[in-house]
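Structural overview
Single-letter residue listing:
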Amino acid sequence: MQGHPKVIETLNALLAGELMARDQYFIHSRMYEEWGYTKLAARIGHEMEDETMHADMFIKRILTLGGQPNMVPAPLKLGHHVPDMLQKDFEVELEVQQNLKDAIKLVESVGDYVTRDLLVKQLDDTENDHAHWLEQQIRLIEMLGLPNYLQSQL
Ligand SMILES: [Fe+2]
Ligand SMILES: [Fe+2]
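Report on the accompanying structure. Positions within a chain are numbered from 1, following the residues in the order the chain's sequence is written. Lettering of chains starts at A and numbering of ligands starts at 1, both following the order in which they are written. In keeping with the model being predicted, local features are shown solely for residues with a pLDDT of at least 70 and side-chain atom pairs are shown and tallied solely at 80 or more, while totals for entire chains, interfaces and linings include all residues. Only heavy atoms go into the side-chain values, all of them from the structure, while hydrogens and water stay out.

**Thoughts on the overall build of the protein chain**
The condition that has to hold: Numbered from the N terminus, helices here are DSSP runs of H or I no shorter than four residues, and strands are runs of E no shorter than two. Each radius of gyration is computed over the set of C-alpha atoms, and the globule rule expresses the reference value as 2.2 Å times the number of residues to the power 0.38. Relative accessible area decides the class of each residue, using a 1.4 Å probe on protein chains only: under 20% of the type maximum gives buried, over 50% gives exposed, and in between gives partly exposed. Here, residues are in contact when the closest pair of their heavy atoms is within 4.5 Å. Using a 1.4 Å probe, accessible areas were evaluated by the Shrake-Rupley method; residue-level cover was limited to the displayed protein chains. Only four residue types enter the tally: Lys and Arg on the positive side, Asp and Glu on the negative side; His and the chain ends are excluded. One atom stands in for each charge, and that atom is NZ of Lys, CZ of Arg, CG of Asp or CD of Glu.
Along the backbone of the protein chain there are five helices and zero strands. What you see in the protein chain, going N to C, is helices and strands ordered as α-α-α-α-α. Against the 2.2 N^0.38 benchmark of 15 Å for 154 residues, the protein chain shows a C-alpha radius of gyration of 17 Å, consistent with a compact globule. Along the first, second and third principal axes, the C-alpha set of the protein chain runs to 55 × 25 × 20 Å. The 154 residues of the protein chain split such that 47% are buried. Sequence-distant contacts, at least 24 apart, represent 80% of the contacts inside the protein chain between residues at least 6 apart. Put simply, the protein chain shows about 7900 Å² of open surface, and 57% of that area lies on carbon and sulfur atoms. Where the 14 positive side-chain charges of the protein chain centre and where its 25 negative ones centre are 2 Å apart.

**Some thoughts on the coordination of the iron ion (ligand 2)**
Note the cut-off: Coordinating donors are taken as N, O and S atoms within 2.8 Å of the metal, stretched to 3.2 Å for Na, K and Ca; because water is absent from the atoms, sites can appear incomplete. Irregular is the default label, applied whenever a site is not tetrahedral (four donors, all angles between 85 and 135 degrees) and neither square planar nor octahedral (four or six donors, opposite donors over 155 degrees apart, all other angles between 65 and 115).
Here the iron ion (ligand 2) is held by Glu51 (OE), Glu93 (OE), Glu93 (OE) and His130 (ND1), and the distances to it run 2.0 to 2.5 Å. Considering all four donor atoms around the iron ion (ligand 2), angles at the metal cover 54 to 141° and the coordination shape is irregular. Each donor residue of the iron ion (ligand 2) lies on one chain, and together they are spaced E-x41-E-x36-H. The distance between the iron ion (ligand 2) and the iron ion (ligand 1) comes to 3.5 Å, and Glu51 binds to both of them. Residue Glu51 is found in helix α2 (residues 38-64), and its partner Glu93 is found in helix α3 (residues 82-109); the two are separated by 42 residues along the sequence. For the pair Glu51 and Glu93, one class covers both residues: buried.

**Notes on the coordination of the iron ion (ligand 1)**
Around the iron ion (ligand 1), the protein contributes the donor atoms Glu18 (OE), Glu51 (OE) and His54 (ND1), at 2.0 to 2.1 Å from the metal centre. Read in sequence order, the donor residues for the iron ion (ligand 1) give the motif E-x32-E-x2-H.

**Remarks on the environment of Trp133**
On the secondary structure map, Trp133 appears in helix α4 (residues 113-144). Taking the relative accessible area as the measure of exposure, Trp133 reaches 11% and is therefore buried. Taking the C-alpha atoms as reference, Trp133 lies 9.8 Å from Leu86; in sequence the two are 47 residues apart.

**Things to note about the pattern of salt bridges**
Quick reminder of the rule: Each reported salt bridge corresponds to a side-chain nitrogen of Lys or Arg within 4 Å of a carboxyl oxygen of Asp or Glu.
Tallied over the entire structure, the rule returns 10 salt bridges. For the salt bridge of Arg22 with Asp23, the shortest nitrogen-to-oxygen distance reads 3.2 Å. The residue Glu47 makes a salt bridge to Arg43 at a minimum N-O spacing of 3.5 Å. On the criterion of helical spacing, the pair formed by Glu47 and Arg43 is a turn pair, its members being four residues apart in helix α2. Look at Glu47 and you get buried, because its relative accessible area is 1%. Overall, the relative accessible area of 23% leaves Arg43 in the partly exposed class.

**Re the nonpolar core**
So the rule is basically this: Buried Ala, Val, Leu, Ile, Met, Phe, Trp, Tyr and Cys residues form a nonpolar core when they are joined through side-chain atoms within 4.5 Å.
Counting residues in each nonpolar core, the largest one holds 42 residues, and the members touching the most others are Leu11, Tyr32, Leu40, Phe58, Val82, Leu86 and Leu119. Of all the secondary-structure elements, those providing two or more residues to this core are α1 (5-35), α2, α3, α4 and α5 (146-152). Residues contacting Leu11, with those up to four places away along its chain left out, are Phe58, Arg61, Ile62, Leu65, Thr115 and Leu119.

This is the structure:
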């Protein structure tokens, strides 16, 4: 089945974002692990798996639509200490959220409702899981203070 060229282009842009998020969570989880923040390492390691699954959904859909998946991640936003890393990850999720919303409008306008469903599923993961959890962590640091928060993540 041949997809609309604009849809394939948009899916490839979203794929680059998922590959970036996956790599960013990969390195951030290994940094947490190295520092002994076992809980953060496990949680962000799990997010890495979610982003891999999101990338997989885009790769499969692009191939179904007769396109060529572009396996080049967008530039990473690496953090250098825990609050910085959580903030950078939150920014990534907000950017993905906006890109998904824009893409949903586009695929609706060309009547590609199967791609729309896939995008809505990812928007749900982004808003209700990833972004929500990151926002909670940033708020916990403000409420508990950084040393207490860090102690809770050992
Ligand atoms: Fe994602
Ligand atoms: Fe995400």
